[in-house]
Amino acid sequence: MSEDVYILGIKMTKFGKHKELDTLDLASEATLAALKDGGVTMKDMGIIAAGNLMSGPLPIAQTIQKQCGQTGIPAYNVSNACATGATALRVAIMSVKAGESDFGLAVGVEKLAGAGLLVGGARQEDDAAWQRSGRYGAVAPVDGRIGTEIMPGVFAQIGMEYGHKYGGANFELFAQISEKNHWHSTLNPLAAYSKLMSLEEIMNDIMIAYPNTRPMCSANCDGAAAAVVVSGSKLKTLSQEQQRRAVKIAASVLTSDPYEEGCQVLPNVNTLTRNAAKQAYEQAGVGPKDLGLVELHDCFATAELVHYDNLMLCEEGGAVDFFKSGAPRRDGSMPVNVSGGLQSKGHPIAATGIANIWEVCHHLRGEAGPRQIEGAKVGLAHVIGLGSACGIHILEKSVA
Amino acid sequence: MAEQIPFVDYLVLGDDPHLVVNECSACGARFFDRRNACGSCSGTEFEKTRVATRGELRSFTIVAFAAPGVPVPFVAGIVDCDGTSVRSNIVNVEPDAEHVKLGMPVRLTTLVVGSDSEGVEAVNFAYEPAA
Ligand SMILES: [Zn+2]
């Protein structure tokens, strides 16, 4: 029987524009705060895993150690697109589960404010002779000439494909999902944007890639999140207070996308999420009905819809009805993205997969203040990194 | 007439323009890119196979905001050509949700992308409404 693993300490920084702080300042702030939250220090850690995708100092894990405590422990630098934070956490969990460490530290950090569109290269005019390059033998950049490579467009198609398959999904419905998350964000002081937005404002905002307008896209911002994990047996030796606030990691799963027709043409974010969800529910011994709250990867409003289905929060094909029932509102039967989600809380890529776990833990510990989901005992956090990786963690309130 | 070359390796020009895939001889999985092995079964033998030129629009987006130099708006979509998914632009249709419809029948067409310093034209593919 392998060890149970618990979140002992966890913190996210304020998401948004941090003009005065660099990548390392943000990572250090989250790291030191997570250690303090867990009542431990860098000296206790047996492993560090960290990720940063855009422009930070490399290797990020060792650079964090140089600021916060160089103790000579193994350092893992991980990269898994938007699932980077969840991957770092999973590495720390695996080390503890394997009995190699009593305590592990995971950190994700990003400086993204003002980054603009991610992916999709600028097109330059060039009058030299055509030359083939790349694995498709293209004579010039394909973005905009053979479909789109920008993320708002890719995820727009993912949502529209669901609409085509099951019906009922249109611009207004996707905008309503965004309206819900912007409403949720008004209660989150750490969100990058916490402004209430009306359906009309959302639909009339700048169109990026139909049906995603600007407020329906995840917000580029700066931020970091860090978590300290501990083995169940070590936790028993710690204080009553530490045991009471510890959150059990009932499931920790990472999947990649299995081959299916079309998956190399339009990324299939559905099957790997469904596979991860099935494994996670089985590991945790719970079902979707047991969840008190869900933080899922709403990188675009169009993505949130498909994940209601992929995480089995509704019947297969029933995501539109599920949303319309009001279930995923914070006052509904299955609150989804009460943090405001990536559309308003923000999406500092590598930090996201730990920040969503912080949100769930915050509620399970009963510390979420005005946005507390009362009585939440079990919660699920989900991320997708395109390419693809899916991380799912199911967390359980401590009984101690 | 200027010399013409296909924009990508998997487009065949001529009187009957069409796309070709690398089809795995073992499992039938189809790929547009140069292959080392099959992503489905790891097989290493492939045959060049023709893709149907007609299909159905399975998904789309209308890109209104793109990287510098990319003309907008344009319609990007996924076309189901007899079971083979193809990524493409959708052309010869107004780029709005009133005119572009999920499930609409489309067919392959070609268009000149531009000429290089030698006067050679690169010709790309796209799909257009086939109603
Ligand atoms: Zn094969």
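The rules we used
Residues numbered from 1 in each chain as written. Chains lettered and ligands numbered in written order. Predicted model: local features only at pLDDT ≥ 70, side-chain atom pairs only at ≥ 80, totals over all residues. Heavy atoms only, no water. Helix = DSSP H or I, 4+ residues; strand = E, 2+ residues; numbered from the N terminus. Rg over C-alpha atoms; globule rule 2.2 N^0.38 Å. Buried < 20%, exposed > 50% of the residue type's maximum accessible area, 1.4 Å probe, protein only. Contact = heavy atoms within 4.5 Å. Areas by Shrake-Rupley, 256 points an atom, 1.4 Å probe, with all protein chains shown as cover. Lys, Arg positive; Asp, Glu negative; His and termini not counted. Charge placed at Lys NZ, Arg CZ, Asp CG, Glu CD. 1 Å grid on protein atoms, 1.4 Å probe; cavity = no way out; pocket = protein on both sides within 12 Å on 5 of 7 lines; lining within 4 Å. Points joined across faces, edges and corners; volume = space filled by probe spheres on them. Core = buried A, V, L, I, M, F, W, Y, C linked by side-chain atoms within 4.5 Å. Phe/Tyr/Trp six-rings, centres within 6.5 Å; stacked < 30°, edge-to-face > 60°. Lys NZ or Arg CZ within 6 Å of the ring centre and 35° of its normal. Pairing = 2+ DSSP bridges. Axes fitted to C-alpha atoms, helices over the stretch in contact; angles between N-to-C directions. Donors = N, O, S within 2.8 Å, 3.2 Å for Na, K, Ca; no water. Tetrahedral: all angles 85-135°; square planar, octahedral: opposite > 155°, others 65-115°. Salt bridge = Lys/Arg side-chain N within 4 Å of Asp/Glu carboxyl O.

1. Observations regarding the overall build of chain A
Alright, step 1. Of regular secondary structure, chain A possesses 13 helices and 11 strands.
Alright, step 2. Taken against the 2.2 N^0.38 rule, which gives 21 Å for 400 residues, the C-alpha radius of gyration of chain A at 21 Å falls within 12% of a compact globule.
Alright, step 3. Referenced to the eigenvectors of the C-alpha coordinate spread, the extents of chain A come out at roughly 65 × 50 × 40 Å.
Alright, step 4. Counting across all 400 residues of chain A, residues that qualify as buried make up 62%.
Alright, step 5. Contacts in chain A between residues at least 24 apart in sequence constitute 76% of all its contacts with a sequence separation of at least 6.
Alright, step 6. With an accessible surface of roughly 15,000 Å², chain A has 50% of that area assigned to carbon and sulfur atoms.
Alright, step 7. Across chain A, the 34 positively charged side chains and the 41 negatively charged ones have centroids separated by 5 Å.

2. Overview of empty space enclosed by the protein
Residues and elements named next belong to chain A.
Alright, step 1. One pass over the full model with this rule turns up 1 cavity of 30 Å³ or more.
Alright, step 2. In this structure, the largest cavity is lined by E295, L296, H297, D298, N337, G341, L342, K345, T352, N356 and H382.
Alright, step 3. Counting only elements with at least two residues in the lining of the largest cavity, the list comes to α12 (341-344) and α13 (349-364).

3. Thoughts on the nonpolar core
Alright, step 1. In terms of nonpolar packing, the biggest core is built from 94 residues, with L305(A), Y308(A), L313(A), I394(A), L19(B), F125(B) and Y127(B) touching the most fellow members.
Alright, step 2. Of all hydrophobic cores here, the second largest spans 35 residues; its members include V5(A), V247(A), W358(A) and A381(A).

4. So, the packing of aromatic side chains
Alright, step 1. Scanning all chains against the criterion turns up 11 aromatic pairs over all chains.
Alright, step 2. Look at F31(B) and F46(B): their rings are 6.3 Å apart centre to centre, the planes differ by 80 degrees, and that puts the pair in the edge-to-face class. Residue F31(B) is located in strand β4 (residues 30-31), and its partner F46(B) is located in strand β5 (residues 46-50); the two are separated by 15 residues in the primary sequence.
Alright, step 3. Assessed through its relative accessible area of 23%, F46(B) is described here as partly exposed.
Alright, step 4. Put simply, the rings of Y136(A), Y10(B), F32(B), F125(B) and Y127(B) touch in pairs and so form one group of aromatic residues.
Alright, step 5. Above the plane of the ring of F31(B) lies R35(B), whose end atom (NZ or CZ) is 3.8 Å from the centre.

5. A few points about the sheet that holds strand β1 (residues 5-12) of chain A
Residue and element names in this part refer to chain A.
Alright, step 1. The strand order across the open sheet built from 9 strands is β3-β2-β4-β7-β1-β8-β11-β10-β9, with neighbouring strands paired in mixed fashion. The sheet is open, and its two edges are formed by β3 (75-77) and β9 (293-295), each paired on a single side. Each strand of the sheet is rotated relative to its neighbour by a mean of 25 degrees, with strand direction disregarded.
Alright, step 2. Pairing geometry for β9 and strand β10 (residues 378-385), over 3 bridges, is parallel. Bridged to E295 within β10 is A381.
Alright, step 3. Sheet strands in contact with helix α3 (residues 84-97) are β1, β2 (48-51), β3, β4 (103-110), β7 (223-231), β8 (247-256), β10 and β11 (389-396), and its direction is about 170 degrees off that of β4.

6. Overview of the coordination of the zinc ion
All names here are of chain B.
Alright, step 1. For the zinc ion, the protein coordination sphere consists of C24 (SG), C27 (SG), C38 (SG) and C41 (SG), at 2.3 Å.
Alright, step 2. Its 4 donor atoms give the zinc ion angles of 101 to 115 degrees at the centre, a pattern that matches the tetrahedral case.
Alright, step 3. Sequence spacing of the donors to the zinc ion: C-x2-C-x10-C-x2-C. In this pair, C24 is assigned in strand β3 (residues 18-24) and C41 in the loop between β4 and β5, connecting sequence segments 17 residues apart.
Alright, step 4. Assessed through its relative accessible area of 2%, C24 is described here as buried.

7. A word on the pattern of salt bridges
Residue and element names in this part refer to chain A.
Alright, step 1. Going through the model one piece at a time under the given rule, you end up with 19 salt bridges over all chains.
Alright, step 2. D37 is the salt-bridge partner of R245, the closest N and O atoms lying 2.8 Å from each other. Placement of R245 in helix α8 (residues 240-245) and of D37 in helix α1 (residues 23-38) is noted, with a sequence separation of 208 residues between them.
Alright, step 3. A relative accessible area of 13% means that R245 is categorised as buried.

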